[in-house]
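# Fold and geometry: a report
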Amino acid sequence: MRAVQLTEVGKPLIGADVPIPEIGPSDVLIRVAAAGICHSDAHYRAGVSKIDHLPLTLGHEIAGCVEKVGNHVANVSAGDRVCVHYLVHCGTCEFCMRGLEQFCRSGQMIGKDRDGGYAEFIKVPNANVFQLPDEIPFEVGAIIMCSSATALHALNKARLRPGESLAIFGFGGLGFSALQVARALGCGQIYVVEINAAKLATVASMGAIAIDAKAADPVEQIKEATAGRGVDVALELIGSVKTMRQAVLCLGSLGRAALVGITSEAMSVSPYTELINKEVEIIGVSDHLASELPVLIEFARGGKLRFPLETLRVVDLDEFQINAALDSLQDSIDHIRTVIVPSK
Ligand SMILES: [Zn+2]
Ligand SMILES: [Zn+2]
């Protein structure tokens, strides 16, 4: 089968002809119909995130049709439309037993620690396979498995309740999903903090209030818009210490700041005035959980989580097209998501 692989860090991906994976009794073989090209894939190729063994087929945002199942598989059968949870987990360690498989002692990420979806077929454990309703196109089924799932996990970690107000820092792929998922969860007023004019221009049409961080201090703007109260929940999706502090400072009493963006810089907070007085919480967010995916899939099925066709760009399972898409991710400022759809 065709696969597009990382063979050397820092070099372009290479097209390869590899064997179709052999499945075990609990495995599912999926014919890939769509595989999202994600920012993390660009990081793997560039060597920003460490890859342990090469060659590796990238791709962790996957949807397709079940080709074949192992003898012990009961949740799906051949021909089913499915999407894939990217964290392969043991199911028996103390974290898996509590449904917290993102901390699994022997967890593996598909497309990083084991071969992913930039291929005609992929083998995954049956626990990672979810039915994809007919209403959801494969392309959408693939991309909601990463950024939308993380956005939902962040809102769950922040314990967003219906009617509560929310500030979203950064309106890229994660923010685009976070806004829609927050609405689907019954969120109250939503403020979106951005510096990019084109992105800010789309915020109002999605029912939120745009906060231009270039125009004035976004914390002051949010305080003013909330009559001095601040918001209940803030999501930091950029990975900058500056916006992380703003996410904490824009909170009202009992507010929760969920930090999703990644930075290696240290962040300072004044404990008494900024946290203790208001009983504010700062929450770290990593990946998402299998248990959250059915809700997410239902939001997409019901049209609450949408990716209009003009936001999707399709490329073939072709090394040149995929490398070009990864190159252009580096400086993209729009909501366009590129999805690999292998030609027949
Ligand atoms: Zn991703
Ligand atoms: Zn485990």
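This text goes with the structure placed above it.
Report follows, based on the coordinates.

Check the secondary structure of the protein and you find ten helices and 18 strands. Compactness check: the protein gives a C-alpha radius of gyration of 20 Å against a globular reference of 20 Å for 344 residues, within 12% of the reference. Judged by the C-alpha coordinates and their principal axes, the protein covers about 60 × 40 × 40 Å. Taken over 344 residues, the protein has a buried fraction of 52%. A separation of at least 24 residues holds for 72% of the contacts in the protein among residues at least 6 apart in sequence. Within the structure as shown, the protein displays about 15,000 Å² of accessible surface, and the carbon and sulfur contribution to it stands at 54%.

Moving on: the sheet that holds strand 11 (residues 166-169). Read from one edge of the open sheet, six strands run 13-12-11-14-15-16, paired in parallel fashion. Looking at which strands have only one partner, the edges of the open sheet turn out to be strand 13 (209-212) and strand 16 (281-284). Within the sheet, the average angular offset between the axes of one strand and its neighbour, ignoring direction, is 20°. In the sheet, strand 12 (residues 190-194) pairs with strand 13 via four bridges, with the strands oriented parallel. Paired with Val-193 across the bridge in strand 13 is Ile-211.

Let us look at the pattern of salt bridges. For side chains bearing opposite charge, pairing can occur when the charged atoms are close. By the definition in use, this model includes 15 salt bridges. Here Arg-301 makes a salt bridge to Glu-298, at a shortest N to O gap of 2.7 Å. Taken together, the residues span about one helical turn, with Arg-301 and Glu-298 both in helix 9 (residues 293-301) at a distance of three residues. By relative accessible area, Glu-298 is classed as partly exposed at 39%. Here the salt bridges do not stand alone but share partners, grouping Glu-135, Glu-298 and Arg-301 into one network.

Let's shift gears to the coordination of the zinc ion (ligand 1). Surrounding the zinc ion (ligand 1) are the protein donor atoms Cys-38 (SG), His-60 (NE2), Glu-61 (OE) and Cys-146 (SG), which sit 2.0 to 2.3 Å from the metal. Coordination geometry of the zinc ion (ligand 1): the four donor atoms subtend angles of 96 to 126° at the metal centre, consistent with an arrangement described as tetrahedral. When the donor residues of the zinc ion (ligand 1) are listed from N- to C-terminus, their spacing reads C-x21-H-E-x84-C. Pair noted here: Glu-61 is in strand 5 (residues 61-69) and Cys-146 is in helix 3 (residues 138-157), with a separation of 85 residues, a long-range link. Residues Glu-61 and Cys-146 agree in their burial class; the two are buried.

With that out of the way, let us pick up the coordination of the zinc ion (ligand 2). Listed as protein donors to the zinc ion (ligand 2) are Cys-90 (SG), Cys-93 (SG), Cys-96 (SG) and Cys-104 (SG); their distances from the metal cover 2.3 to 2.4 Å. One can describe the site at the zinc ion (ligand 2) as tetrahedral: its four donor atoms subtend angles covering 104 to 118° at the metal. Between consecutive donors of the zinc ion (ligand 2), the numbers of intervening residues give the motif C-x2-C-x2-C-x7-C. Exposure remark for Cys-93: the relative accessible area of 10% places this residue in the buried category. Cys-96 gets classed as buried once you look at its relative accessible area, which sits at 11%.

Its volume calculated, the second largest pocket comes out at about 270 Å³. Around the second largest pocket sit 14 residues that line it, and Glu-194, Ile-195, Ala-213, Ile-238 and Thr-243 are the ones nearest its centre. Those elements that provide at least two residues to the lining of the second largest pocket are strand 12 and helix 7 (241-249). Of the residues forming the lining of the second largest pocket, the biggest block, three residues, is contributed by helix 7. Class assignment of the residues belonging to the lining of the second largest pocket gives a composition of six nonpolar, four polar and four charged.

Turning next to empty space enclosed by the protein. Per the counting criterion, the structure on display carries one cavity of 30 Å³ or more. In this structure, the largest cavity spans a volume of roughly 40 Å³. Lining of the largest cavity is provided by Ser-147, Gly-173, Phe-176, Phe-307, His-335 and Arg-337.

As enumerated under the stated definition, the model contains three aromatic pairs in all. On the numbers, 5.7 Å between centres and 55° between planes, the contact of Phe-95 with Phe-103 is tilted. Since its relative accessible area comes to 21%, Phe-95 is described here as partly exposed. An aromatic cluster is defined as three or more aromatic residues linked by ring pairs; in this entry it consists of Phe-171, Phe-176 and Phe-307. Over the face of the ring belonging to Phe-138 we find Arg-81, whose NZ or CZ atom lies 4.2 Å from the ring centre.

This part covers helix 1 (residues 39-46). Taken residue by residue, helix 1 has Asp-41, Ala-42, Tyr-44 and Arg-45 as its buried positions. Projection of helix 1 onto a plane perpendicular to its axis shows the buried side chains occupying an angular sector of 160°, all on one side. Residues of helix 1 that are buried make contact with strand 1 (2-6), strand 3 (27-36), strand 8 (108-109) and helix 10 (319-329). After helix 1 finishes, the residue Gly-47 shows a positive phi value of roughly 90°.

Let us look at the sheet that holds strand 1. Read from one edge of the open sheet, three strands run 2-1-4, paired in antiparallel fashion. Of all strands in the sheet, those with a lone pairing partner are strand 2 (14-17) and strand 4 (56-57), marking the two edges. The pairing of strand 1 with strand 4 spans two bridges and is classified as antiparallel. Within strand 4, the residue paired with Gln-5 across the bridge is Thr-57.

Each value, and the rule that gives it
Residues numbered from 1 in each chain as written. Chains lettered and ligands numbered in written order. Predicted model: local features only at pLDDT ≥ 70, side-chain atom pairs only at ≥ 80, totals over all residues. Heavy atoms only, no water. Helix = DSSP H or I, 4+ residues; strand = E, 2+ residues; numbered from the N terminus. Rg over C-alpha atoms; globule rule 2.2 N^0.38 Å. Buried < 20%, exposed > 50% of the residue type's maximum accessible area, 1.4 Å probe, protein only. Contact = heavy atoms within 4.5 Å. Areas by Shrake-Rupley, 256 points an atom, 1.4 Å probe, with all protein chains shown as cover. Pairing = 2+ DSSP bridges. Axes fitted to C-alpha atoms, helices over the stretch in contact; angles between N-to-C directions. Salt bridge = Lys/Arg side-chain N within 4 Å of Asp/Glu carboxyl O. Donors = N, O, S within 2.8 Å, 3.2 Å for Na, K, Ca; no water. Tetrahedral: all angles 85-135°; square planar, octahedral: opposite > 155°, others 65-115°. 1 Å grid on protein atoms, 1.4 Å probe; cavity = no way out; pocket = protein on both sides within 12 Å on 5 of 7 lines; lining within 4 Å. Points joined across faces, edges and corners; volume = space filled by probe spheres on them. Nonpolar A, V, L, I, M, F, W, Y, C, P; charged D, E, K, R; others polar. Phe/Tyr/Trp six-rings, centres within 6.5 Å; stacked < 30°, edge-to-face > 60°. Lys NZ or Arg CZ within 6 Å of the ring centre and 35° of its normal. Arc of directions from axis to C-beta.

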